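Close look at the chain arrangement
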Amino acid sequence: MSPELILLALVVVTALAFDFTNGFHDTANAMAASIATKALTPKTAVVLCATLNLVGALLSVEVALTVTNAVINLQNPDGSPRAELLADGGTRLLLILLAGLAGAIIWNLATWLWGLPSSSSHALFGGLVGATLAGLGWGGVKWVGEGGKVDGVVGKVILPGLMSPAIALIVALVGTSLVFKVAAKLTERYRTQGFRWGQVGAASLMSLSHGTNDAQKTMGVITLALIASGHWDSTHEVPLWVKLACAVTIALGTYLGGWRIIRTMGKGLVEIEPPQGMSADMASASVILASSQLGFALSTTHVATGSILGSGVGRPGAQVRWGVAGRMASAWLTTLPAAAAVGALMFLIGNALGPGVGASVVFLLLCAAGGYMWLHSRKEPIGHHNVNDDWAPAPKDSKPDKKEVGV
Amino acid sequence: MWLTALDDAWRILAAGLALGAGLPILFALGVKSIAWANGDLPDTARNPFGRVLAVVLFAVVLLAIAIGIGYIVAHGFGYTLTFDGLLPSFVKR
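**Section: the overall build of chain B**
- Looking only at helices and strands, chain B has two helices and two strands in total.
- When the elements of chain B are put in sequence order from the N terminus, they spell out α-α-β-β.
- For 93 residues, the compact-globule estimate of 2.2 N^0.38 gives 12 Å, and the C-alpha radius of gyration of chain B, at 18 Å, exceeds that figure by more than 25%.
- Judged by the C-alpha coordinates and their principal axes, chain B covers about 55 × 30 × 25 Å.
- A burial count over chain B gives 37% of its 93 residues as buried.
- Counting contacts in chain B only where the partners sit at least 6 residues apart, residues at least 24 apart contribute 22% of the total.
- Carbon and sulfur atoms make up 73% of the accessible area of chain B, which totals about 5200 Å².
- Within chain B, the 5 negative side-chain charges are centred at a point lying 8 Å from the centre of the 6 positive side-chain charges.

This is the structure in structure tokens:
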């Protein structure tokens, strides 16, 4: 195999690996509340979520080829790679994609190990920004939108990152406090049984919406790599195999379930009662769909976390663990720069060693980092068996304070 | 850009409050109506009308969820949801 072909193959495999981490990182967004309130058993929840993600990913026929255009300048407005990047057979562009994806995966795995819900799209954008900075310099990155458009790193990442948790928190707070007023005189049976279906409905909406949005990002990246290396030429279609592979991969990732993150979101922030879980999930689904209608790029993770927090603040007498929330917020702030740093480092390593060898080394480094973190996670495994254990005081087989788990 | 973003944020907050807080309240009222129909509310006599009310309330919530699913699916095919008067309809983006 020629170095170019090795590079392309590695980009495709790495992109699918990112898609997989995207799946299990985000199961919690849709399902953490339903699992915590026992509206669904952990296993049913991941099966439902994975199925809807698969359906969602296959449903979307719109092409998300211009996904990288939000933060970097690799593509023309129609999605084709910029001409000057094709002079070397697209090698540099492919290496930027590979390094960016590697940065995103490593940050996704690290935050998973810490049990922190961080945004997969911020990780992807971060990795790509870092790799582009290293590969093309300051001008390769789109920092702000042109002509008042909400675009670039500021418009697509930073502003939504600040606004979306606040909006979701307010909505869920208002919803929860009113729902508890309505439900005040209801007996326990109505409270636990009655609110189940509303919650499952909202959680399903979120799963479907996730499938249509997130799988497309990987499809866009893979198709960009195929076009840059001359293996595909349409900017109006994604190859069928790319679509199928991305849809199946994100569904498998979702099915695996990021139990560490589900635990933090479902049990760590607040104790969630069924009326609260329903309010939180309906708040999330509404905010996500409303912003999708306006083309505002917010992160499902931030919305879901904001909603769960809001539902805790809104419930009379609920205890919110602000320490956990603070740790999450710090993960959000560091996602973009951290993924960017890893992405940049990966590009420099890959670039120094040449396309074929360099890309292989980057890929091996990624595998090593992933394997190390996976092994580390086995020391205190969290799965469907213990995901709902009491947060504190920690029983023997559950997860102790995450500060001790560092990478 | 800041103003556009703030403008978006207000709209999302408004829509979020209407749907994200409104629907849970309707759902909670629906659950309460069933309790009313079954005579399970303290100091309130059993009233079969509660069941009718519950059906109406749940139907509204279900309709909203159905429109939500329709919206997601339509977006995947390059269509978007508009409200012509009050009737939702799908148009090509």
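Back to the text.
**What to know about the interface of chain A and chain B**
- If you look at the interface, chain A gives 49 residues, while chain B gives 44 residues.
- Note on chain A versus chain B: buried area summed over both sides is about 3800 Å², and carbon and sulfur give 80% of it.
- Our count for the chain A to chain B interface comes out at one salt bridge.
- Asp 40 of chain B is paired through a salt bridge with Arg 189 of chain A; the nearest N and O atoms lie 3.6 Å apart.
- Where chain A packs against chain B, one counts six residue pairs in polar contact (both at pLDDT 80 or more).
- Of all elements in the fold, only helix H5 (152–182), helix H6 (188–194), helix H7 (196–228) and helix H10 (274–294) of chain A reach the threshold of two or more residues within the side of chain A that touches chain B.
- A breakdown of the residues in the side of chain A that touches chain B according to their chemical character gives 28 nonpolar, 16 polar and five charged.

**Examining unusual backbone geometry**
- Here the phi dihedral of Lys 38 of chain A falls at roughly 65°; this positive angle occurs in a residue that is not glycine.
- One can find Lys 38 of chain A in the loop between helix H1 (3–36) and helix H2 (42–59).
- Owing to a relative accessible area of 54%, Lys 38 of chain A belongs among the exposed residues under this scheme.
- One non-glycine residue, Asp 43 of chain B, lies in positive phi territory at about 60°.
- Summarising the element assignment, Asp 43 of chain B is placed in the loop between helix H1 (2–37) and helix H2 (49–76).

**Quick word on the environment of Phe 195 of chain A**
- Within the element layout of this structure, Phe 195 of chain A appears in the loop between H6 and H7.
- Exposure remark for Phe 195 of chain A: the relative accessible area of 0% places this residue in the buried category.
- In this structure the C-alpha to C-alpha distance between Phe 195 of chain A and Tyr 372 of chain A, which are 177 residues apart in sequence, comes to 42 Å.
- With residues near it in sequence (within four places) discarded, Phe 195 of chain A still touches Val 179, Ala 183, Leu 186, Tyr 190, Pro 274, Pro 275 and Met 278 of chain A together with Phe 27, Ala 28 and Val 31 of chain B.

**Points about the confidence of the model for chain B**
- With 98% of its residues at a pLDDT of at least 70, chain B reaches an overall mean of 87.
- Model confidence for the complex is summarised by a pTM of 0.90, with the ipTM given as 0.89.

**Observations concerning helix H3 (residues 91–113) of chain A**
Residue and element names in this part refer to chain A.
- Between its first and last C-alpha atoms H3 spans 33 Å; for 23 residues at 1.5 Å apiece the expected length is 33 Å, and the two agree.
- Counting buried positions along H3 yields 22 of 23 residues, so the element is predominantly enclosed.
- A positive phi of about 70° marks Gly 115, the residue just after H3.

**Observations concerning the nonpolar core**
All names here are of chain A.
- Counting residues in hydrophobic clusters, the biggest one holds 149 residues, and the most contacted among them are Leu 97 and Phe 195.
- Here this core takes 17 residues from H3, the largest share from any one element.
- Those residues in contact with Leu 97 that sit more than four places away from it in its chain are Val 11, Leu 74, Leu 128, Val 221, Leu 224 and Ala 225.

**So, the packing of H1 of chain A against helix H9 (residues 259–268) of chain A**
Residue and element names in this part refer to chain A.
- It is at 8 Å that the axes of H1 and H9 come closest, and there the two elements cross at 45°. Overall, the two elements H1 and H9 adopt an arrangement that is oblique. Of the two elements, H1 crosses H9, and the hand of that crossing is right-handed. For the pair H1 and H9, the contacting residues are His 25, Thr 27, Ala 28, Asn 29, Ala 32, Ile 35 and Ala 36 in the first and Trp 259, Ile 261, Ile 262, Met 265, Gly 266 and Lys 267 in the second.
- Here the residues of the contact of H1 with H9 are counted per class, giving eight nonpolar, four polar and one charged.

Parameters at a glance
- Residues numbered from 1 in each chain as written.
- Chains lettered and ligands numbered in written order.
- Predicted model: local features only at pLDDT ≥ 70, side-chain atom pairs only at ≥ 80, totals over all residues.
- Heavy atoms only, no water.
- Helix = DSSP H or I, 4+ residues; strand = E, 2+ residues; numbered from the N terminus.
- Rg over C-alpha atoms; globule rule 2.2 N^0.38 Å.
- Buried < 20%, exposed > 50% of the residue type's maximum accessible area, 1.4 Å probe, protein only.
- Contact = heavy atoms within 4.5 Å.
- Areas by Shrake-Rupley, 256 points an atom, 1.4 Å probe, with all protein chains shown as cover.
- Lys, Arg positive; Asp, Glu negative; His and termini not counted.
- Charge placed at Lys NZ, Arg CZ, Asp CG, Glu CD.
- Buried area = accessible area lost by both parts, 1.4 Å probe.
- Salt bridge = Lys/Arg side-chain N within 4 Å of Asp/Glu carboxyl O.
- Polar contact = N/O pair within 3.5 Å; in protein donor to acceptor, adjacent residues only side chain to side chain.
- Nonpolar A, V, L, I, M, F, W, Y, C, P; charged D, E, K, R; others polar.
- pLDDT = per-residue confidence, 0-100.
- Expected span 1.5 Å × (residues − 1).
- Core = buried A, V, L, I, M, F, W, Y, C linked by side-chain atoms within 4.5 Å.
- Axes fitted to C-alpha atoms, helices over the stretch in contact; angles between N-to-C directions.
- Parallel < 35°, antiparallel > 145°, perpendicular 65-115°, else oblique.
- Left-handed = near helix turned anticlockwise from the far one by under 90°.

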